[in-house]
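Observations on the model geometry
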Amino acid sequence: MMLMSRSATKLFRCIHLEWSTSGYVSGRYYGKVRQVRTNDTKPLSTESAADKEHMFPLSKDEAMFYLREVLKIPDPIDHVRRDRLSFLDMIFRQSKYNCPYTSLHDFTTTGIKILSAEERKDRIMRAQGGTCTSLNGFTQAVLDHLGFQTYIVMSNIQRWNHPLREQHAAIVIENLTSRGSRHLLDVGYLHFLPLMALDFLRTSPTYCPRNVSNKLFHVSPGVLHFCMQVTPEEMGAVDRQLIYHEEDGLWRVIRAFRHNERHTFPDVIKFVHEVISVPELMSAAYGQLMLAGYPERLGVYITQHRCTTTTEEGEKRITEISSGEQMVETITRYFPQFDITQVQIVADHYYKR
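Described below are features of the structure shown in this document. What you see is a predicted model, and the numbers here were worked out from it, not measured in a lab.

1. Points about helix α4 (residues 84-98)
- An ideal rise of 1.5 Å per residue puts 21 Å on 15 residues; α4 measures up with 21 Å between its terminal C-alpha atoms.
- Taken residue by residue, α4 has Phe87, Leu88, Ile91, Phe92, Gln94, Ser95, Lys96, Tyr97 and Asn98 as its buried positions.
- In this structure, the buried residues of α4 make contact with α2 (60-70), α3 (76-82), α6 (132-145), β8 (168-174), β9 (182-185) and β15 (291-293).
- With a side-chain oxygen positioned 3.3 Å from the backbone nitrogen of Leu85, the residue opening α4 is Asp83.

2. With respect to the packing of helix α5 (residues 117-125) against α6
- Two elements in contact, α5 and α6, have axes separated by 10 Å at closest approach and are oriented at 85°. Between α5 and α6, the angle falls in the class roughly perpendicular. Contacts between α5 and α6 involve Arg120, Lys121, Ile124 and Met125 on the former and, on the latter, Thr133, Ser134, Leu135 and Phe138.
- When the residues that make up the contact of α5 with α6 are grouped by side-chain class, the tally is 4 nonpolar, 2 polar and 2 charged.

3. Some remarks on empty space enclosed by the protein
- Enumeration over the complete set of coordinates arrives at 1 cavity of 30 Å³ or more.
- Estimates place the volume of the largest cavity at around 50 Å³.
- In terms of lining residues, the largest cavity is bounded by Thr102, His105, Asp106, Leu115, Arg120, Arg123, Gly129, Gly130, Thr131 and Ser134.

4. Points about α6
- Across its 14 residues, α6 extends 20 Å between first and last C-alpha, which sits within 8% of the 20 Å expected from 1.5 Å per residue.
- When you tally the buried positions in α6, you get 14 out of 14 residues, the bulk of the element.
- Phi turns positive one or two residues past the end of α6, at Gly147, with a value near 95°.

5. Let's talk about the environment of Gly111
- One can find Gly111 in strand β6 (residues 111-112).
- Residues Gly111 and Ile345 lie 234 residues apart in sequence; the distance between their C-alpha atoms is 9.9 Å.

6. Focus on the pattern of salt bridges
- Taken as a whole, this structure holds 14 salt bridges when the rule is applied.
- A salt bridge links Arg306 to Glu320, with the nearest nitrogen and oxygen atoms 3.7 Å apart. Within this pair, whereas Arg306 is found in strand β17 (residues 306-310), its partner Glu320 is found in strand β18 (residues 316-320), the two being separated by 14 residues in sequence.
- Taking relative accessible area as the criterion, Arg306 reaches 35% and is therefore assigned partly exposed.
- A salt bridge links Arg333 to Glu329, with the nearest nitrogen and oxygen atoms 2.7 Å apart. Of this pair, Arg333 and Glu329 both sit in helix α10 (residues 324-334), 4 residues apart, which is roughly one turn of that helix.
- Residues joined in a network through salt bridges with shared partners are Glu62, Glu118 and Lys121.

7. Details of the environment of Glu313
- By secondary structure assignment, the location of Glu313 is in the loop between β17 and β18.
- In sequence terms Glu313 and Leu298 are 15 residues apart; their C-alpha atoms lie 9.9 Å from each other.

8. Here's the deal with the pairing of strand β11 (residues 214-220)
- Two elements, β11 and strand β12 (residues 223-230), share 6 bridges in a ladder whose sense is antiparallel. Among the inter-strand pairings, Leu216 is bridged to a residue of β12, identified as Phe226.
- Between the end of β11 and the start of β12, which pair antiparallel, lie 2 residues, with Gly222 showing a positive phi angle near 90°.

9. Comments concerning the sheet that holds strand β4 (residues 101-102)
- Pairing within the open sheet is antiparallel, and its 5 strands lie in the order β4-β15-β16-β17-β18. Each of the sheet's edge strands pairs with one partner strand only, and the pair in question is β4 and β18.
- For strand β16 (residues 299-302) and β17, the ladder comprises 4 bridges, and the chain directions are antiparallel. Residue Ile302 lies in a different strand from β17, and its bridge partner there is Cys307.
- Relative to the sheet, α10 contacts β15, β16, β17 and β18, its axis offset from that of β16 by approximately 155°.

10. Some words on the packing of α2 against α6
- Relative to each other, α2 and α6 sit at 105°, their axes nearing to 10 Å. By the angle between their directions, the pair α2 and α6 is classed as roughly perpendicular. Only Phe138, Val142 and His145 of α6 make contact with α2, whose side of the interface consists of Lys60, Ala63, Tyr66 and Leu67.
- Residue composition of the contact of α2 with α6, grouped by class: 5 nonpolar, 1 polar and 1 charged.

Rules of the game
Residues numbered from 1 in each chain as written. Predicted model: local features only at pLDDT ≥ 70, side-chain atom pairs only at ≥ 80, totals over all residues. Heavy atoms only, no water. Helix = DSSP H or I, 4+ residues; strand = E, 2+ residues; numbered from the N terminus. Expected span 1.5 Å × (residues − 1). Buried < 20%, exposed > 50% of the residue type's maximum accessible area, 1.4 Å probe, protein only. Contact = heavy atoms within 4.5 Å. Polar contact = N/O pair within 3.5 Å; in protein donor to acceptor, adjacent residues only side chain to side chain. Axes fitted to C-alpha atoms, helices over the stretch in contact; angles between N-to-C directions. Parallel < 35°, antiparallel > 145°, perpendicular 65-115°, else oblique. Nonpolar A, V, L, I, M, F, W, Y, C, P; charged D, E, K, R; others polar. 1 Å grid on protein atoms, 1.4 Å probe; cavity = no way out; pocket = protein on both sides within 12 Å on 5 of 7 lines; lining within 4 Å. Points joined across faces, edges and corners; volume = space filled by probe spheres on them. Salt bridge = Lys/Arg side-chain N within 4 Å of Asp/Glu carboxyl O. Pairing = 2+ DSSP bridges.

Nothing here speaks to function; it is geometry throughout.
This is the structure we're talking about:
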């Protein structure tokens with residue numbers, strides 16, 4: 001049995017959810033059960049996302065519980081009514097601080113499994129996060145309940161070097177600041193990336209919230225390149241065609257978004273099946289563990305080989321991982337919300353094959 005330190009306990013309160021038909025959600029925190037009424041205030045949306053086949057299956061009560069108890073946003077509906085932009089910044093930041101990006105849940109003792117929507121929901125409600133598919137699909141349904149107009153947008157992942165275009169999911173929010181405006185929200189991105197407006201001519205402003213600079217480039221009607229700033233030394237063997245040479249530096253293309261193509265959550269699940277059916281994409285997606293989050297504001301990125309931590313001031317520290325035991329210890333130290341059995345399955349996948 002693994003004992004949690006006081007700091008780990010402070011970092012996370014293990015949540016056990018019990019749904020009922022009475023409009024309440026029961027949250028159990030380390031054995032203590034309490035009733036939480038989640039429908040005190042009527043959501044801005046009058047239509048249930050649970051009834052929409054094109055959305056992630058999420059009820060209003062579940063959405064409100066997630067915002068208040070998991071993301072720690074005390075009065076989300078009032079916040080939306082007061083300042084929609086501020087709320088979106090809040091939901092992005094609280095998502096990154098409380099729900100890590102990870103492929104950890106997809107591993108089983110026999111291989112890789114595509115989770116059902118209910119399984120994805122269970123992980124997120126326990127603050128255990130998920131991949132871009134889970135996090136952005138779930139967040140889209142939450143925003144729908146709050147009256148935002150959204151759709152899912154897909155992109156490739158440039159480093160995978162494969163013609164399949166639909167490899168990463170994000171959210172486009174319409175009519176946010178004015179009629180016809182569009183903003184890109186990606187809570188399922190590995191790094192810290194805020195809401196980005198798409199109403200620019202060629203290049204967006206530079207976004208640099210956590211010492212990683214990103215920028216968008218319009219390539220052609222309906223296509224955006226999402227780029228990260230790099231140094232000449234970091235270019236390495238990267239195809240020169242994938243680099244923008246700008247006055248403010250070099251920008252490597254990370255993804256190509258087709259932001260006019262609207263997708264539904266069932267579309268996204270279909271794309272996931274397509275990705276894992278291609279051996280080279282399967283290897284690219286699961287060749288290494290991906291776990292990234294910001295517990296107590298510390299940037300933490302863990303693979304099966306190393307753990308990289310970055311402070312808000314940009315101070316970076318890299319610790320090598322050389323065994324399954326060290327991998328388990330590292331993950332549970334920074335992310336104690338994960339089930340130890342699942343963490344051990346992942347460690348065995350990489351170190352006992």
